[in-house]
Every structure is written in C-alpha cells, then in structure tokens.
Amino acid sequence: MIAYTMVGTNNLEEGIAFYSKLFEGSEVKPLFKTPRGGQFFGKSADEPMLVVGLPYDEKPATTGNGVMVALRFETTEEVDALYAKAMAAGGSDEGEPGWRLENVFYGAYFRDPEGNKICACKMNFG
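Residues numbered from 1 in each chain as written. Predicted model: local features only at pLDDT ≥ 70, side-chain atom pairs only at ≥ 80, totals over all residues. Heavy atoms only, no water.

Caption draft 1: Summary view of a nonpolar patch on the surface. There is a patch of nonpolar side chains on the surface, built from Tyr4, Met6 and Tyr56 and spanning about 320 Å² of accessible area. Mapped onto the fold, Tyr4 is located in strand 1 (residues 4-8). (Patch = residues over 30% accessible without salt bridge, like charges linked within 9 Å, V, L, I, M, F, W, Y side chains within 5 Å. Areas by Shrake-Rupley, 256 points an atom, 1.4 Å probe, with all protein chains shown as cover. Salt bridge = Lys/Arg side-chain N within 4 Å of Asp/Glu carboxyl O. Helix = DSSP H or I, 4+ residues; strand = E, 2+ residues; numbered from the N terminus.)

Caption draft 2: The arrangement of the packing of aromatic side chains in detail. With the rule as written, the count across this model stands at five aromatic pairs. Between Phe18 and Tyr19, the ring centres sit 5.0 Å apart and the planes meet at 85°, which makes this aromatic pair edge-to-face. One exposure class covers both Phe18 and Tyr19, and it is buried. Put simply, the rings of Phe18, Tyr19, Phe23 and Phe41 touch in pairs and so form one group of aromatic residues. (Phe/Tyr/Trp six-rings, centres within 6.5 Å; stacked < 30°, edge-to-face > 60°. Buried < 20%, exposed > 50% of the residue type's maximum accessible area, 1.4 Å probe, protein only.)

Caption draft 3: Structural context of the sheet that holds strand 3 (residues 39-42). Across the sheet, four strands lie side by side as 1-4-3-2; this open sheet has mixed pairing. Whereas interior strands pair on both sides, the edge strands pair on one side only; in this sheet they are strand 1 and strand 2 (29-33). Adjacent strand axes in the sheet meet at a mean angle of 30° when their direction is disregarded. (Pairing = 2+ DSSP bridges. Axes fitted to C-alpha atoms, helices over the stretch in contact; angles between N-to-C directions.)

Caption draft 4: Just the sheet that holds strand 8 (residues 117-123), in detail. Spatial strand order, 5-8-7-6: four strands in an open sheet with mixed pairing. In this open sheet, the two edge strands, each paired with only one partner strand, are strand 5 (69-73) and strand 6 (92-101). Direction aside, the axes of adjacent strands within the sheet are offset by 20° on average. Sheet topology places strand 6 next to strand 7 (residues 105-111); six bridges connect them, and they run antiparallel. When the sheet's bridge partners are listed, Ser92 is paired in strand 7 with Arg111. Strand contacts of helix 2 (residues 76-88): strand 5, strand 6, strand 7 and strand 8, with the helix running at about 10° to strand 7, the strand carrying the most contacts. (Contact = heavy atoms within 4.5 Å.)

Caption draft 5: How the structure looks around the layout of surface pockets. Within this model, the largest pocket holds a volume of roughly 610 Å³. Only strand 3, strand 4 (49-53), strand 5 and strand 8 provide two or more residues apiece to the lining of the largest pocket. A per-element tally of the lining of the largest pocket places strand 5 first, with five residues. Classifying every residue of the lining of the largest pocket by side-chain character gives 13 nonpolar, two polar and five charged. Taken as a whole, the second largest pocket holds about 240 Å³ of empty space. What lines the second largest pocket is a set of 13 residues, and nearest its centre among them are Gly25, Ser26, Glu27, Phe73 and Glu78. Of all the secondary-structure elements, those providing two or more residues to the lining of the second largest pocket are strand 5 and helix 2. For the lining of the second largest pocket, the element with the highest residue contribution is helix 2, accounting for four residues. For the lining of the second largest pocket, the per-class residue count stands at five nonpolar, two polar and six charged. (1 Å grid on protein atoms, 1.4 Å probe; cavity = no way out; pocket = protein on both sides within 12 Å on 5 of 7 lines; lining within 4 Å. Points joined across faces, edges and corners; volume = space filled by probe spheres on them. Nonpolar A, V, L, I, M, F, W, Y, C, P; charged D, E, K, R; others polar.)

Caption draft 6: Structural context of unusual backbone geometry. We note that Glu58 has phi near 65°; this positive angle belongs to a residue other than glycine. If you trace the backbone, Glu58 turns up in the loop between strand 4 and strand 5. Residue classification places Glu58 among the exposed positions, given a relative accessible area of 64%.

Functional significance is not addressed by these values, which are geometric in nature.
Written out as structure tokens, the structure reads:
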C-alpha cells in the first residue's frame, strides 16, 4: 500500500549521510535522486521506499507531532543493529530496542539529526 515515505531535511548532505550510514550493510540501498537532490532509499522501486529530501514548498523542514516512519525488519537482531547504527550516526534515543506489543511487535525508536521520529520494528512473531 505505501509507495514511499519522505522525511524532510534542511541539510541534504547531512541527511543523506545519516541514512546511508543507517542502511549500510543491509539490502536497503540508495536508488535514485529527486529533482532537487533528495535521495530515495529502498530494496527496489517495486517495494516501499524512504526519501530524504528538501521540502518542495522550499520552507524549512520541521518534524510533525505524532508523525513517525516505521521501518520493518525480519529479525529482532536487525532492529537492534539499526538502532545501534542510528545512535552511532548521530541519532537520538526515543526508546531503546525491546518495546513489545504482545507477540506481534518488537521495536526501537530514535530521531534522525533533523528530529524526524523513526521506528525500527519486527512484526508478527511468536
């Protein structure tokens, strides 16, 4: 259902560098650029993607209260690793790995350098 989600940045170089470090060593790769230099990340253009870019209205990027991007992973170890990468790359903690919802959700929360809230999660496990 979701084609892509965009997080805004006021510093393209810093924003793209953060997410490049975050996805390093995974199947998620830089795919293509937006007309204004933003970067699409994903496994392929046929799967949901994340875009890091300058707002199209040319106003400053800001975070939205209650807005969050959730990135889905296959294992709890991948969730833990992504959270650790986020902290090492300059992200800030919003909830360390281990948050659970019954037997269907395992997650960790952080913010990127611009303040965008990101969740790394594993869904549907027993």
